[in-house]
Amino acid sequence: MWGGRFSEGPSAIMEEINASIDVDRRLWREDIAGSKAHADMLAACGVISGADNTAIRDGLDSVAGEIDRGAFQYSKALEDIHMNIEARLKELIGEPAGRLHTARSRNDQVATDFRLWVRTACRESASALRELCRVLATRAQENADAVMPGFTHLQTAQPVTFGHHLLAYAEMFARDAGRFDDAARRMNECPLGAAALAGTSFPIDREQTAKTLGFDRPCANSLDAVSSRDFATEAMAAAAITATHLSRLGEELVIWTSAQFGFVRLSDAFSTGSSIMPQKRNPDAAELVRAKTGSIVGSLNTLLMVMKGLALAYAKDMQEDKATTFRCFDDLALALAAATGMIGDLKVDRDAMKNAAGGGYSTATDLADWLVRKLNMPFRDAHHVTGSVVALAEKKGAALDALSLKDLQSVEPRITRDVFDVLSVDASVASRTSFGGTAPANVKREAEKWLTRLSKES
């Protein structure tokens, strides 16, 4: 492709470090789509003949067929997917193949192919996230009244419902889907026609190629078109945030499935055993979801470091963009599928959750709120009184609702028997009816809203 300038070929080491075909062969569909759009535009503008365009399109269809059925012979000497396809096209149709590269460079060609791929990855990620939200909302609806302990600092705080807990993740993952939607919209500008860096003197129609490839518009600056990769880093940043949320969910599944908690049980499909301990049921899928975060965040950091010192426009460093981006989205797709599967078929132990919800004096805040409402006590005073009641309960080794009225009145004489109406975990969660609260009625309503919303977005 550039042999006219050199009298000798590259060394074996140079060929190895320079070639990207083992990675970027995944872009073959995008490359062929881009080439067809470019050829159609060149013919429409009178730069190439209609006959050459027909030959190019037919030849590209043949190349696509070969790749699709595994008959295509890749050559590392041709460096990348773009030159591999062009070389095969020339073998198939001869001279017209040489006209395809008129008014474009590999710089705008690869930038276009890569944008197309990342745009699809963003849309697929958003779709997978919405499916995960649908599963979370479905399980939340089923478990709207399943009481469990809510935690802060991984210490028992207040009772919540399992459905409410699941909907918290639906909120997170829906925001993640929105970030991918935003990234896909922002990157939806077409680099094709920017050529190497300065544009072209040929009378081309960049609006046509942009429209054909589903872009909103052409990139407005030829330098930016070929040298920017922020569309990929933004998409990977969305992936990194998503992975962080997935890791938190994975961590909770690991905790909940432990013998010490026993809140949920993963199905056999998402568990493994031990080679030496026959009793083990290991939550390996949840652990691997948690671990994928390191790879995904690392992929983002890799591309940021590749790009951080590059002057405009294109530099060969940018060849490293695809491997790290592909790895990022491969890992994310697998983690999303695993999380969706685990949530979809896990078994909930309501009794274990409810028993744990009553531990750690989790209804202490309900007692303090009762003192405020019924005795008109300032909350800070109520907090102090409740702390004294908890200390008494600890001394007696009893739960709050197991204390006698006499015990409670020894701390605050004005307490009446009505206080026992708020000290159970069921009463506690039922009372949390404020917007966004954990009351079962709230959870059922929110789960239904989610399912309605997601059915419209699918």
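Each chain carries its own residue numbering, running from 1 in the written order of its sequence. Local features in this predicted model are restricted to residues of pLDDT 70 or higher, and side-chain atom pairs are both shown and tallied only at a pLDDT of 80 or more, whereas totals for entire chains, interfaces and linings draw on every residue. Side-chain metrics in this entry use all non-hydrogen atoms of the structure; hydrogen atoms and water are not considered.

## What to know about the overall build of the protein chain
By definition, any uninterrupted DSSP run of H or I lasting at least four residues is a helix, any uninterrupted run of E lasting at least two residues is a strand, and each is numbered from the N terminus. When you go through the protein chain residue by residue, the secondary structure sums to 18 helices and six strands. Radius of gyration: C-alpha atoms only; globule rule: 2.2 Å multiplied by the number of residues to the exponent 0.38. Its C-alpha atoms give the protein chain a radius of gyration of 30 Å, more than 25% over the compact-globule value 23 Å for 458 residues. Its C-alpha atoms put the protein chain at 100 × 50 × 40 Å along the principal axes. Each residue's exposure class comes from its accessible area (1.4 Å probe, protein chains only) as a fraction of the maximum for that residue type: buried when under 20%, exposed when over 50%, partly exposed otherwise. Per-residue burial for the protein chain yields a buried fraction of 48% across its 458 residues. A separation threshold of at least 6 residues defines the contact pool for the protein chain, and within that pool the share at least 24 residues apart is 75%. If you sum the accessible surface of the protein chain, you get close to 21,600 Å²; carbon and sulfur atoms cover 51% of it. None of His or the chain ends enter the tally, which takes Lys and Arg as positive and Asp and Glu as negative. Just so you know, the charge point we use is NZ for Lys, CZ for Arg, CG for Asp and CD for Glu. Charged side chains of the protein chain number 54 positive and 61 negative; the gap between the two group centres comes to 4 Å. What makes two residues a contact is simply this: any of their non-hydrogen atoms within 4.5 Å. Here, Shrake-Rupley sampling with a 1.4 Å probe gives the accessible areas, and only protein chains in the shown set may cover a residue.

## Observations regarding the packing of aromatic side chains
Ring pairs (aromatic) are described by centroid distance and by the angle formed between their planes. To pair, rings of Phe, Tyr and Trp, with the six-membered ring standing in for Trp, must have centres within 6.5 Å; the planes then decide the type, stacked if under 30 degrees apart, edge-to-face if over 60, and tilted in the middle. The tally for this structure, following the rule as stated, stands at nine aromatic pairs. Taking the centre distance of 5.5 Å and the plane angle of 70 degrees together, the rings of F114 and F231 count as edge-to-face. Residue F114 is located in helix α6 (residues 106-142), and its partner F231 is located in helix α10 (residues 230-257); the two are separated by 117 residues in the primary sequence. The exposure class of F114 is buried, given its relative accessible area of 0%. Taken together, a centroid distance of 6.1 Å and an interplanar angle of 25 degrees make the contact between Y169 and F173 stacked. With Y169 and F173 both in helix α7 (residues 162-186), this residue pair falls four residues apart, about one helical turn. Like Y169, the residue F173 is buried in the burial classification. The structure contains a cluster of three or more aromatic residues connected by ring pairs, namely W117, F180, F326 and F329. Whether a charge sits over a ring comes down to the Lys NZ or Arg CZ being within 6 Å of the ring centre and within 35 degrees of the ring normal. When the ring centre of Y74 is taken as reference, the NZ or CZ atom of R25 above it lies at 4.0 Å. When the ring centre of F326 is taken as origin, the NZ or CZ atom of R26, which lies over that ring, is 4.6 Å away.

## Topic: the environment of G262
Looking at where G262 falls in the secondary structure, it is placed in the loop between α10 and β5 (264-265). Owing to a relative accessible area of 26%, G262 belongs among the partly exposed residues under this scheme. Separated by 89 residues in the primary sequence, G262 and D351 place their C-alpha atoms 9.8 Å from one another. When neighbours within four sequence positions are excluded, G262 is seen to be in contact with W256, D349 and A352.

## Observations regarding the packing of helix α11 (residues 284-307) against helix α12 (residues 321-345)
Put simply, α11 and α12 touch, their axes get as near as 9 Å, and they point 155 degrees apart. Taken as axis vectors, α11 and α12 run roughly antiparallel relative to one another. In this structure, α11 crosses over α12, and the sense of that crossing is left-handed. Residues A285, A286, V289, K292, S295, I296, S299, T302 and L303 of α11 pack against D321, T324, T325, R327, C328, D331, L332, L334, A335, A338, A339 and M342 of α12. Of the residues contributing to the contact of α11 with α12, the split by class is twelve nonpolar, five polar and four charged. Angular values range over 0 to 180 degrees, each being the angle between N-to-C directions of two axes fitted as lines to C-alpha atoms, with helices fitted over their stretch in contact. The scheme is simple: roughly parallel for angles under 35 degrees, roughly antiparallel for over 145, roughly perpendicular for 65 to 115, oblique for anything else. Left-handed describes a crossing whose near helix is turned anticlockwise from the far helix through less than a right angle; right-handed describes the clockwise counterpart. Under this grouping Gly is polar, as are all residues other than the nonpolar Ala, Val, Leu, Ile, Met, Phe, Trp, Tyr, Cys and Pro and the charged Asp, Glu, Lys and Arg.

## With respect to the side chain of E30
With respect to the helices and strands, the residue E30 is situated in helix α3 (residues 28-44). Here, a salt bridge means any side-chain nitrogen of Lys or Arg that lies within 4 Å of a carboxyl oxygen of Asp or Glu. For the buried E30, no salt bridge is present, and the opposite-charge side chain at shortest range is R29, 6.4 Å distant.

## Concerning the pattern of salt bridges
Enumeration over the complete set of coordinates arrives at 34 salt bridges. Taking the shortest distance from any N to any O, the salt bridge between E66 and R88 comes out at 2.7 Å. Residue E66 is located in helix α4 (residues 50-68), and its partner R88 is located in helix α5 (residues 81-93); the two are separated by 22 residues in the primary sequence. For R130, the salt bridge is made with E457, and the minimal N-O distance between the two is 2.9 Å. In this pair, R130 is assigned in helix α6 and E457 in helix α18 (residues 440-457), connecting sequence segments 327 residues apart. Among the residues examined, R130 registers a relative accessible area of 22% and is labelled partly exposed. Overlapping salt bridges bring together E79, D80, R106 and K316 as one network.

## Here we look at the nonpolar core
Working definition of a nonpolar core: buried Ala, Val, Leu, Ile, Met, Phe, Trp, Tyr and Cys residues. They are joined through side-chain atoms within 4.5 Å. F173, F180, L246, L253 and F329 are the most contacted members of the largest nonpolar core, which has 92 residues in total. A total of 14 residues in this core trace back to one element, the largest contributor, which is α10. Beyond its immediate sequence surroundings of up to four residues, F173 is in contact with L129, L132, C133, L136, T242, H245, L246 and L249. Listed in part, the 22 residues of the second largest apolar core include L367, W370, L371 and V390.

That is the geometry; function is a separate question.
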